[in-house]
Amino acid sequence: MYRAFTCLADEHTVWVVVLAACVCWITCSVALKLEQRVRIRDGGPALIWPLAAGFSIGSGIWSTHFIGMLGYDPGVVLGYEPRITLLSLAVAIAAATAAFLFARSGSSAGSSAGSSAWVGAGAGLVLGLGIACMHFLGIAGVRLPGHFTWDGALVVTAIAAGGLLAAVGMAVHVSGTDGRTRAAAATILTLAIALLHFLAMAAARVVPDPALAVPQLGLDRGVLASGIAAVMAVILAFGALTLMLDRLHGMNVALARQGRMLQEKTRLLDDTLDSMDQGLIKVDAGGIVRVCNERALALLDLPRAMMQAQPRYRMVLRYQARQRERNPTDRAFRAWVARGEAGRAHVHERTRPNGLVLEVRTVPLADGGFVRTFTDITKRKAAEAEVARLARHDVLTGLPNRALFHETVARSLADIALHGGACAVLYLDLDGFKGVNDSLGHQAGDELLRHVAGGLVGVAGAGAVARLGGDEFAVLVPGGAVQAGPLAERLIALFDHPLSVGGHRISVGLSVGIAFAPEHGTAAECLYRRADLALYRAKAEGRGTFRVFTPAMDEEAEARRVLERDLRQAMDEDGLSLHYQPQVDGRTGALIGFEALLRWVHPERGPIGPDVFVPLAEETGLIIALGEWVLRAACHEAAGWAQPLKIAVNLSPRQFQRPDLPERVLAILAQTGLAPDRLELEVTESIIINDMARAVGILRRLRSYGIRISMDDFGTGYASLATLQAFPFDKLKIDRSFVSQLGSEPQAAAIVRAVLGLGRSLGMGVVAEGVETEAQRVFLAEEACGEMQGYLFGKPRPIADYAVALEPAADVAARVAPGLALAG
């Protein structure tokens, strides 16, 4: 390596070495650029470019070699034999061309990146061998008074280094086509050429020989320099040509790309126009149709040939006129322009002879033309009409709904106010409809409502009957009382016999409330309210009948409203209280618990019975809050007793409509501290009959907490045995109506015995309510009734009246009925 350094430093001119390196890099870069055109350009004479690249890099190698030789000073005069020198140029060009053709053949077959690198490396080895051949052939053409001696190791090193770097450079070259890759490959190839040249020159030593005559030097340095300059001019010309071709190619590519983009946009625009849901016609300032898409042809039934000829728009209008189609759009458009409104779009609806409804939108253009779109809104208009109809008609029955009925009544009342006359509003409600829904399901209920609607229309006439919701209907009758009464009777008579609905024979009834205008009011809301009050009276007085509104009904409604208000106020202001009635052991008479009963003392009206305010609370929904208050107050009171007596509380059917009832009861027990096994909840069988699966589920959850469940008023319903089968109650309470007849009605005694026997058979306790005489108590005791309750043992009183019985040290006799200590 020292020899190589001294050769470069002592035997070569530095600036010439730098010039040679620059020339080599430029020629390599130009050659690689030319070769890249083969790989990245489509079409054209592709063979020209590897030949040009081979000439460029071969000439560059040759020029680099001889520029280096011009800067080489071995201490003797040098000359160059012309033929061998030119032959070395040919060898360099041939080797470079062969290398590029080899690289092209390997990378043009769609090979992978890895295989392309190996092909590039092979091409580099070919190029490296060509460089070596050119170098040593060029040295062979040197003429000097002496001869060269060679260092074999350095020669091998030079050839190996040059070949290896050339392989790396070509592998890099074929790996990409960008400028950075090309510059890196040119740099590596320059290094390969320079390293091979200078290592080979270091391997050579000039041995002068005085015995030899000075040979004919051939080409002198000036001629050689001129030749190198000519070659470089050709290479630079190739470079300029490449740059110019790249520019031209770039322009062609840009123009081709723009052309393709324009074609694509045109095609996309055509496709978009033809796939639009709207028809579109564009008319220029001269009235010529320039654009007409497929949708417009279909919507307007226009001939394709006529529209492809770009006719005047007036021809289109005349064609449509011949098709007997009215087209007021054009006249409206001209009038719109005349009004100075051309800055905004003009919209018009048009119905074609085939029934299509089109929305025509015309937008004026700045050049005087316009664009007209046609949208098929037939379905939308039909949907809007259907929505409007559904908004005023009942979906299930097709009858007018509440809103349309109110409009009809309002028009009738307005006509009465202007021209006189009378009318009647009938409110109808089905009796027993809920039972149909519960027993046969909602589908059967819906079928029944459709059947009823048809029957009502058949009697009252179409347009007179409306469905207000649920099982409520209304009828508007012109003429007042003369027509209303007989019509109500005919409507009620429709339900005299069971109806056949969906394979079922269904028995329902009809209750009717009637209000007259102007007799009962001239305001619609007043008539509705009074017809509803009459309906309420009809249902309260036996159902299956009709009632006409009377002023007394208003008074009763007002009284109910006032009572409801007072009940709410009593709840808010602690105006309610609990009374407790003792329950005793049927055998020993010992006190075993109390039933909590709600009492209300009105500040003005005095005591109001539960039979008055409890139904009102059920009707208004207050019973839920009221029942929870009773349960909480009773549990709180019982939790403070010294004796662990049980407490019985009644549950309302409305409370059972809440799915979280068990959790609410459990929360109250936790808050008051009462043990669950001391609480007994009394329910009626109507709770289970209305929704058996749901009610039984709630009862089972309550019982799982340890709470006892008893059936109140047993024997008064129609499905008591089915109820007992559905849920195993802890106790049955015999209704007071049977107990009160003991001793006077043998059938009552038989029923009581049967209930007691049923309870024993099912393992259920039995409580007899309404025990008021000693004879009743004795009878029940003899029949082994487990528990008793009634006035005989104590009336419902405040718990303070039973303080003695609740004391922990109270004498047992004080808690044995019928002791006077309990009755107070």
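Residues numbered from 1 in each chain as written. Predicted model: local features only at pLDDT ≥ 70, side-chain atom pairs only at ≥ 80, totals over all residues. Heavy atoms only, no water.

As for the overall build of the chain
Now for step 1: Within the chain one finds 30 helices and 25 strands.
Now for step 2: Looking at the chain alone, contacts between residues at least 24 apart form 68% of all its contacts between residues at least 6 apart.
Now for step 3: Only carbon and sulfur atoms are counted for the fraction: they give 60% of the accessible area of the chain, which is about 39,300 Å². (Helix = DSSP H or I, 4+ residues; strand = E, 2+ residues; numbered from the N terminus. Contact = heavy atoms within 4.5 Å. Areas by Shrake-Rupley, 256 points an atom, 1.4 Å probe, with all protein chains shown as cover.)

Structural notes on helix α28 (residues 774–782)
Now for step 1: Those residues of α28 that fall on the buried side of the exposure criterion are Q776, F779 and L780. All buried residues of α28 project into a common sector of 95° when viewed along the axis, lining one side. The exposed residues of α28 that point more than 90 degrees off its buried face are A775 and E782.
Now for step 2: The elements touched by buried residues of α28 are α26 (736–739), α27 (746–762), β24 (765–768) and β25 (787–788).
Now for step 3: Once α28 ends, the next one or two residues include A784, with phi positive near 65°. (Buried < 20%, exposed > 50% of the residue type's maximum accessible area, 1.4 Å probe, protein only. Arc of directions from axis to C-beta.)

Here we look at the pairing of strand β23 (residues 731–734)
Now for step 1: Both faces of β23 are covered, namely the face carrying K731 and K733 and the face carrying L732 and I734.
Now for step 2: Where strand β22 (residues 708–714) meets β23, three bridges bridge the pair, whose relative direction is parallel. Looking across to β23, one finds that S710 is bridged to K731.
Now for step 3: Inspection of the sheet shows β23 paired to β24 by four bridges, in the parallel sense. In the sheet register, L732 faces β24, and the bridge partner there is V766. (Pairing = 2+ DSSP bridges.)

Comments concerning the nonpolar core
Now for step 1: F594, I647, L679, F729 and L780 are the most contacted members of the largest nonpolar core, which totals 76 residues.
Now for step 2: The element best represented in this core is helix α21 (residues 623–639), accounting for seven residues.
Now for step 3: The residues touching L679, leaving out its near neighbours within four places in the chain, are L631, C635, I647, V649, V665, L669, L674, I707 and R708.
Now for step 4: One finds A92, A96, I139 and A186 within the second-largest nonpolar core, a separate group that totals 41 residues. (Core = buried A, V, L, I, M, F, W, Y, C linked by side-chain atoms within 4.5 Å.)

A few points about the packing of helix α19 (residues 551–572) against helix α20 (residues 610–620)
Now for step 1: The N-to-C vectors of α19 and α20 enclose an angle of 90°; their axes lie 10 Å apart at closest approach. What the angle tells us is that α19 and α20 run roughly perpendicular. On α20, the residues that touch R560, L563, E564, L567 and R568 of α19 are V612, F613, L616, A617, E619 and T620.
Now for step 2: Of the residues belonging to the contact of α19 with α20, the class tally is six nonpolar, one polar and four charged. (Axes fitted to C-alpha atoms, helices over the stretch in contact; angles between N-to-C directions. Parallel < 35°, antiparallel > 145°, perpendicular 65-115°, else oblique. Nonpolar A, V, L, I, M, F, W, Y, C, P; charged D, E, K, R; others polar.)

Topic: the packing of aromatic side chains
Now for step 1: Per the stated rule, a full pass over the model turns up nine aromatic pairs.
Now for step 2: Seen from their ring centres, Y313 and F370 are 5.6 Å apart, and the 80° between their planes marks the pair as edge-to-face. With Y313 in helix α11 (residues 313–322) and F370 in strand β9 (residues 370–376), this residue pair connects regions lying 57 residues apart in the sequence. Each of the two residues, Y313 as well as F370, counts as buried.
Now for step 3: For the pair W600 and F613, a centre-to-centre distance of 5.8 Å together with 85° between the ring planes defines the contact as edge-to-face. Here F613 lies in helix α20 and W600 lies in strand β18 (residues 591–602), a separation of 13 residues in the sequence.
Now for step 4: Overall, W600 belongs to the buried group, its relative accessible area being 2%.
Now for step 5: A connected cluster of aromatic rings, assembled from ring pairs, spans Y580, F594, W641 and Y802. (Phe/Tyr/Trp six-rings, centres within 6.5 Å; stacked < 30°, edge-to-face > 60°.)

A word on the pattern of salt bridges
Now for step 1: One pass over the structure, following the stated rule, counts 35 salt bridges.
Now for step 2: The closest approach of N and O atoms between K646 and E787, which form a salt bridge, is 2.6 Å. With K646 in strand β20 (residues 646–650) and E787 in strand β25, this pair connects stretches of sequence that are 141 residues apart.
Now for step 3: Looking at K646, the relative accessible area reads 4%, which means it is buried.
Now for step 4: Among the salt bridges present, the one from E783 reaches R753, with a minimum N-O distance of 3.1 Å. Remark: R753 occurs in helix α27 and E783 occurs in the loop between α28 and β25; sequence separation between them is 30 residues.
Now for step 5: Each of E349, E359, R380, K381 and E384 takes part in a single network of salt bridges with overlapping partners. (Salt bridge = Lys/Arg side-chain N within 4 Å of Asp/Glu carboxyl O.)

Quick look at the sheet that holds strand β12 (residues 472–478)
Now for step 1: An order of β11-β12-β10-β15-β16 is seen for the five strands of this open sheet, with the pairing classed as mixed. Lying at the two open borders of the sheet, with one neighbouring strand each, are β11 (465–469) and β16 (546–548). The mean angle between the axes of side-by-side strands here comes to 25°, regardless of whether they run parallel or antiparallel.
Now for step 2: In the packing of helix α14 (residues 402–419) onto the sheet, contacts are made with β10 (423–431), β11, β12 and β15 (509–517), and the angle to β12 comes to roughly 20°.
Now for step 3: Of the strands in this sheet, β10, β15 and β16 are in contact with helix α18 (residues 524–540), which crosses β15 at around 145°.

With respect to the confidence of the model for the chain
Now for step 1: Averaged over every residue, the pLDDT of the chain is 80; residues scoring 70 or more account for 83%.
Now for step 2: Mean pLDDT across the secondary structure elements of the chain bottoms out at helix α30 (residues 820–823), with 40, and peaks at β20, with 95.
Now for step 3: Across residues 810–824 the pLDDT falls below 50, and counting only partners more than four positions away or on other chains, this stretch makes 24 contacts in the model. (pLDDT = per-residue confidence, 0-100.)

Some points on the sheet that holds strand β7 (residues 346–351)
In sheet architecture, strand pairing relies on hydrogen bonds along the backbone and comes in two forms, parallel and antiparallel.
Now for step 1: Taken in spatial order, the five strands of this open sheet run β6-β5-β9-β8-β7, and their pairing is antiparallel. Here the strands that pair on one side only, and so sit at the sheet edges, are β6 (289–292) and β7. Pairwise comparison of adjacent strand axes, ignoring direction, gives a mean angle of 20° for this sheet.
Now for step 2: Lying over the sheet, helix α13 (residues 378–392) contacts β7, β8 (357–364) and β9, oriented at roughly 120° with respect to β8.

Structural notes on the side chain of K731
Now for step 1: Residue placement: K731 occurs in strand β23.
Now for step 2: Classification of K731 as buried rests on a relative accessible area of 7%.
Now for step 3: One polar contact links K731 to E787, side chain to side chain, over a distance of 2.5 Å.
Now for step 4: With residues up to four places along the chain from it excluded, the contact list for K731 reads K646, E680, I709, S710, M711, G765, V767 and E787. (Polar contact = N/O pair within 3.5 Å; in protein donor to acceptor, adjacent residues only side chain to side chain.)

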